[in-house]
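Structural overview for review
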Amino acid sequence: MKAVITADNIANDAAVDIIPSKSFSHRALIAARLKDSESFTDALLKLMNHRIRYDSLMTNHDYDRGSCYCTDFCIGYLGMINESLVYSDESNIELLPSVAQSGFQKGEVTGLRTRCRAVVQSMQWDLDAGTVSATIVSQEDRTITVSCPLGGETHKLTCNANEPVAVTFEIG
């Protein structure tokens, strides 16, 4: 599924110079939430590798650096990355649902709060080795479904409040 709506998506790289910086920030957030790794990677790379971005992670609204200074990327960067690493809803957690296609082959993250009243206390992944592992702590007694789309496995975790539960996925 392509996360970016066709009317807002300009695939022609020559037209990139006319798109405001906030469009790429919004596209990255939308693509991450919709679990579209390809669109997420495309938007993130455009934000990181074009003259629109300053070293401070602030962006210029337009590519000519002649317009206003924007905070969309600076403020939204962590949200973009976190959403691409952990998706959640009221009872499910997905690990690496839209991880960027380059630069994120191996990593670790700690302390990501989810929408199901649980914290991904830690998550480590190594895509080349084919492993993803996480420790999850629920704030209440409950069952949480944890999956990793890269491997197709799903685990139902029975969680006791404030007790860590470990889960590991083998991915192909």
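One can find the structure itself at the top, above this paragraph.
One structure accompanies this document, and this report is about it. This one's a predicted model, so the numbers in the text were calculated from it and none came from an experiment.

So, about the side chain of S84. Within the secondary structure, S84 is located in helix α3 (residues 72–85). In this structure, S84 is in contact with A32, F40, L96, P97, S98 and V99, ignoring residues within four places of it in sequence.

Here we take up the sheet that holds strand β5 (residues 106–113). Sheet strands associate in pairs through backbone hydrogen bonding, adopting either a parallel or an antiparallel arrangement. The strand order across the open sheet built from four strands is β5-β6-β7-β10, with neighbouring strands paired in antiparallel fashion. Of all strands in the sheet, those with a lone pairing partner are β5 and β10 (164–170), marking the two edges. When strand polarity is set aside, the average angle formed by the axes of neighbouring strands in this sheet is 10 degrees. Both strand β6 (residues 118–126) and strand β7 (residues 131–138) contribute to a ladder of eight bridges, which runs antiparallel. Among the inter-strand pairings, D126 is bridged to a residue of β7, identified as T131.

Of note, E140 is situated in the loop between β7 and β8 (142–148). For E140, a relative accessible area of 30% gives the class partly exposed. As a C-alpha pair, E140 and C159 span 19 residues in sequence and 7.6 Å in three-dimensional space. Filtering out sequence-adjacent residues up to four positions away, E140 remains in contact with R117, C159, N160 and A161. There is a polar contact of 3.2 Å between the side chain of E140 and the side chain of R117.

Let us now look at the sheet that holds strand β3 (residues 86–88). Pairing in this open sheet of four strands is mixed, and the strands run β3-β4-β8-β9 from one edge to the other. The sheet terminates laterally at β3 and β9 (153–159), the two strands that pair on one side only. Taking each pair of neighbouring strands and ignoring which way they run, the sheet shows an average axis angle of 20 degrees.

On inspection of all chains with the given rule, the structure shows six salt bridges. Salt-bridge contacts for E140 lead to R117; the nearest nitrogen and oxygen are separated by 3.2 Å. Of this pair, E140 sits in the loop between β7 and β8 while R117 sits in the loop between β5 and β6, and the two are 23 residues apart along the sequence. Judged by its relative accessible area of 43%, R117 is partly exposed. Each of the salt bridges in this network shares a partner with another, and the network as a whole consists of R33, E83 and R115.

Below, the discussion takes up the pairing of β9. Sheet analysis places β8 next to β9, joined by seven bridges and oriented antiparallel. Bridge pairing links C148 to E153 in β9. Counted along the chain from β8 to the antiparallel partner β9, the turn is four residues long, and its residue G152 has a positive phi close to 80 degrees.

With 37 residues, the main nonpolar core has F40, L85, I93, L95, M123, V132 and V146 as its most contacted residues. Apart from the residues within four sequence positions on either side, I93 is in contact with V86, Y87, S88, T114, C116, A118, V120, I136, I144, T145, V146 and S147.

Bringing the packing of aromatic side chains into the picture now. Here the structure, examined in full by the defined rule, presents zero aromatic pairs. Between K35 and the ring centre of Y87, over which it is positioned, the NZ or CZ distance is 4.0 Å.

Cut-offs applied
Residues numbered from 1 in each chain as written. Predicted model: local features only at pLDDT ≥ 70, side-chain atom pairs only at ≥ 80, totals over all residues. Heavy atoms only, no water. Helix = DSSP H or I, 4+ residues; strand = E, 2+ residues; numbered from the N terminus. Contact = heavy atoms within 4.5 Å. Pairing = 2+ DSSP bridges. Axes fitted to C-alpha atoms, helices over the stretch in contact; angles between N-to-C directions. Buried < 20%, exposed > 50% of the residue type's maximum accessible area, 1.4 Å probe, protein only. Polar contact = N/O pair within 3.5 Å; in protein donor to acceptor, adjacent residues only side chain to side chain. Salt bridge = Lys/Arg side-chain N within 4 Å of Asp/Glu carboxyl O. Core = buried A, V, L, I, M, F, W, Y, C linked by side-chain atoms within 4.5 Å. Phe/Tyr/Trp six-rings, centres within 6.5 Å; stacked < 30°, edge-to-face > 60°. Lys NZ or Arg CZ within 6 Å of the ring centre and 35° of its normal.

Treat this as a map of the structure, not an account of what it does.
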